[in-house]
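Each chain, written out:
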Amino acid sequence: MNLVFHQRVDLVGDGLVPASALAAIDPTAHARAMAKYDDTPERRRLRETAIPGTGRSWTEVVFLSPVHPHAVWRAWREVRGKELPRTEFWAIPAADLPPGTVVLDRTVSAVGDALDPSEVVPFEAASFVTVTEIPPANRAWLEEMVRRGVSGAWFHGIPHVLAPGTVPLGNARVISWDEPI
């Protein structure tokens, strides 16, 4: 399987576009997308965070997960003992991602800090294989969420595939994370 994933949202057009591109297409959708960065000073700084080697900032790329959403759903059920509500995702063929796509594995820098260039590597669609288990950092995050009695940010601690520009959805299919892999 060579798919990447993005939580299904209302589309403006026929592909996924970076948050910054929404400003010219749909100001209301742009405001919603940008509002998720308003909760802390560190998250506010993310808007301008440069992605090394791409010439783009945080809001000028589309964030995708290399980990199958069912792996996150399954881990949450194991850790919490409770299933997450049904949520849909686009399963997008890796070969459809635009040139210049990279992988961000944030292991050195902290949220709100500049990204270390070592955290960003080119995405190789030809050799990419969908990850079907969550990494230890994500499991630790989920366990912390349970200890604190909150939920959300289920993809924290998972590397992200960052696509510059529009991600076409013509070959994508819709899945739910409660569907087995």
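Criteria and thresholds
Residues numbered from 1 in each chain as written. Predicted model: local features only at pLDDT ≥ 70, side-chain atom pairs only at ≥ 80, totals over all residues. Heavy atoms only, no water. Phe/Tyr/Trp six-rings, centres within 6.5 Å; stacked < 30°, edge-to-face > 60°. Buried < 20%, exposed > 50% of the residue type's maximum accessible area, 1.4 Å probe, protein only. Helix = DSSP H or I, 4+ residues; strand = E, 2+ residues; numbered from the N terminus. Salt bridge = Lys/Arg side-chain N within 4 Å of Asp/Glu carboxyl O. Pairing = 2+ DSSP bridges. Axes fitted to C-alpha atoms, helices over the stretch in contact; angles between N-to-C directions. Core = buried A, V, L, I, M, F, W, Y, C linked by side-chain atoms within 4.5 Å.

## Points about the packing of aromatic side chains
A complete count under the given rule lists seven aromatic pairs for this structure. Judged by centre distance (5.2 Å) and plane angle (45°), the ring pair of F123 and F128 falls under tilted. Each member of the pair F123 and F128 is classed as buried. A connected cluster of aromatic rings, assembled from ring pairs, spans W76, F89, W154, F155 and W177.

## A word on the environment of G53
As for its placement among the helices and strands, G53 is situated in the loop between β3 (50-51) and β4 (56-57). Along the chain, G53 and W141 lie 88 residues apart, while their C-alpha atoms are 28 Å from each other.

## Digging into the pattern of salt bridges
Overall, the coordinates contain 10 salt bridges when judged by the stated rule. The residue R86 makes a salt bridge to E179 at a minimum N-O spacing of 3.8 Å. Placement of R86 in the loop between α4 (69-80) and β6 (88-93) and of E179 in the segment after β11 (173-176) is noted, with a sequence separation of 93 residues between them. Residue class for R86 comes out exposed when judged on its relative accessible area of 51%. Salt bridges sharing common partners tie together R8, R86, E88, D178 and E179.

## A word on the sheet that holds strand β1 (residues 3-7)
Strand order in the open sheet made by the three strands is β1-β6-β11, with antiparallel pairing throughout. The sheet terminates laterally at β1 and β11, the two strands that pair on one side only. If you compare each strand with its neighbour and ignore which way they point, the axes differ by 40° on average. Two elements, β6 and β11, share four bridges in a ladder whose sense is antiparallel. Opposite F89, over in β11, you have I175 as the bridge partner.

## Concerning the nonpolar core
V67, V72, I134, F155 and W177 are the most contacted members of the largest nonpolar core, which has 18 residues in total. Contributing elements (two or more residues each) for this core: β1, α4, β6 and α5 (136-148). Ranked by the residues each element gives to this core, the list is headed by α4, at five residues. Counting residues in hydrophobic clusters, the runner-up holds 15 residues, among them L16, V62, L64 and V103.

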